[in-house]
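Observations on chain architecture
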Amino acid sequence: MAQKDIQFRLMAKDRSGARRGSFTTQHGTVQTPAFMPVGTAGYVHSTPTRDVAESGAQVLLANTYHLSLGERLASVRYMGGLHRFMGWDQTILTDSGGFQVFSLPDRVIDDEGVTFSYEEDGERVKLTPERSMEIQRDLGADIVMAFDECVSHTADRKYVAKSLALTTAWAKRCRSFTLADHQFLFGIVQGGVFDDLRKKSAKEITDIPFDGFAIGGVSVGEGFDLMRQVVGVTAPCLPEDMPRYLMGVGLPEDILEAVHLGMDMFDCVIPTRYARQGTLFTRTGKLRIKNKNFRKDRYPLDTQCSCYTCKTFSRMVLRYLFFSGDPLAETLATIHNLTFYQDLMGDIRKAIEENRFETFKREWLEMYRRGR
């Protein structure tokens, strides 16, 4: 199958190895490094896509597993695809469902795919590479992810090696499936925490003509050091002239480290989930707004932030809204956290362009950790 042109441009490379680039889909050009907010089931919790766009986000992520439940897929199809369904006119990426299936206790894996029960209604179904591609084609995402098996970081070498072979076979089946003309397909590298298996998987997956490549199997409880090891081994094995996506990584310190190691794209539920729980990110560390020391605090969440929340409401008011149980609290907190992340990515891109990423990273983390 002929490879499409995602028009990846490597615009700058810092002496540290950090990359500044861009790629283009039918719905616009994405500047990298980029962070993608997660709208798992076709929406970002508590927050209109208008506000997500105003945060500076360029790509939204949605999930095949969740959007194939019940009438959801039919509803998206009826609306003409995810862009209309979500009210989002920029790029959308859909995960294949592999990560969600990994977390289910009753899954059965064979050469054809994975059989499991949906959490919501208990329906027993089988998700194959072809079915994952079919769902993602119908969702209309700009970037589609190959179906893979995500393994635990505690999985033994024998199992990981067997799983790696399965992921490669499934990747080939995904690549042979005909997607919509506007859709790009990314392959996913697995291999657990074993350096040689990561290199083997990278070789096998990059031999397949995908439009971009991802590192999977992280953010599964392995911790910072193992994440750094996996990315440090795998990233150099990925093509220089194509987008590199680190799946599921979302703490600011993890993103900074992964950018340092040469990654371009990130996603995570952390900024939105933390926001709904009352944990806000600021340039001087995380702030737990329900703490009593904020009950008379008239300052904005972050004095350097220009989001709607920080321009309009004080910490004491946001705390009041949380304790009132008003949904507005979650919306305002989410707007702030998403803006914080997009501001961080913008600052990262600028630092790489100016060849000062290592200095930026050190100074940013010193300030961020000061508030702990």
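Attention in this report is confined to the structure presented alongside it. Because the structure is a prediction, the values reported are computed rather than measured. (Residues numbered from 1 in each chain as written. Predicted model: local features only at pLDDT ≥ 70, side-chain atom pairs only at ≥ 80, totals over all residues. Heavy atoms only, no water.)

A word on the environment of Y43. One can find Y43 in the loop between strand 4 (34–36) and helix 1 (49–54). In this structure Y43 comes out as partly exposed when scored by relative accessible area, which is 43%. Sequence separation between Y43 and F85 is 42 residues, and the spatial gap between their C-alpha atoms is 8.8 Å. Residues contacting Y43, with those up to four places away along its chain left out, are V38 and M86. (Helix = DSSP H or I, 4+ residues; strand = E, 2+ residues; numbered from the N terminus. Buried < 20%, exposed > 50% of the residue type's maximum accessible area, 1.4 Å probe, protein only. Contact = heavy atoms within 4.5 Å.)

Here we take up helix 10 (residues 252–260). Every α-helix winds through 3.6 residues per turn, so residues three or four apart in the chain are directed the same way. Helix 10 sits mainly inside the fold: 9 of its 9 residues count as buried. Inspection of helix 10 places P252, E253, D254, I255, L256, E257, A258, V259 and H260 among the buried residues, and these make up the whole buried set. Following helix 10 by one or two positions, G262 has its phi on the positive side, about 105°.

Burial along strand 15 (residues 279–282) is two-sided: the face carrying T279 and F281 and the face carrying L280 and T282 are both buried. As judged from the 4 bridges shared by strand 15 and strand 16 (residues 285–288), these two strands associate in the antiparallel manner. Across the sheet, residue T282 finds its bridge partner in strand 16, namely G285. Linking strand 15 back to strand 16 in an antiparallel pair, the connection comprises 2 residues. (Pairing = 2+ DSSP bridges.)

Before going further, it helps to spend a moment on the nonpolar core. In a soluble, globular protein the nonpolar side chains are often hidden away together inside. F116, L246, F266 and I348 are the most contacted members of the largest nonpolar core, which has 76 residues in total. Here the element with the most residues in this core is helix 14 (residues 327–353); it accounts for 8 residues. Setting aside its immediate chain neighbours within four residues, L246 contacts I215, V218, M227, V231, A258, M263, M265, F266 and D267. Counting residues in each nonpolar core, the second largest holds 19 residues, with F8, F186, I188 and A214 among its members. (Core = buried A, V, L, I, M, F, W, Y, C linked by side-chain atoms within 4.5 Å.)

Okay, unusual backbone geometry next. The bulk of non-glycine residues show a negative phi, and the bulk of peptide bonds are trans. In this chain, T32 is followed by P33 through a cis amide linkage whose omega measures 0°. Mapped onto the fold, P33 is located in the loop between strand 3 (28–32) and strand 4. You will see that Q7, though not glycine, has its phi angle at about 55°, which is positive. Mapped onto the fold, Q7 is located in the segment before strand 1 (9–13). One non-glycine residue, N355, lies in positive phi territory at about 55°. Note that N355 resides in the loop between helix 14 and helix 15 (357–370).

The subject of this paragraph is the side chain of T115. Inspection of the secondary structure puts T115 in strand 8 (residues 114–117). Contacts of T115, omitting those with residues within four sequence positions, involve D106, R107, V108, R124, V125 and K126.

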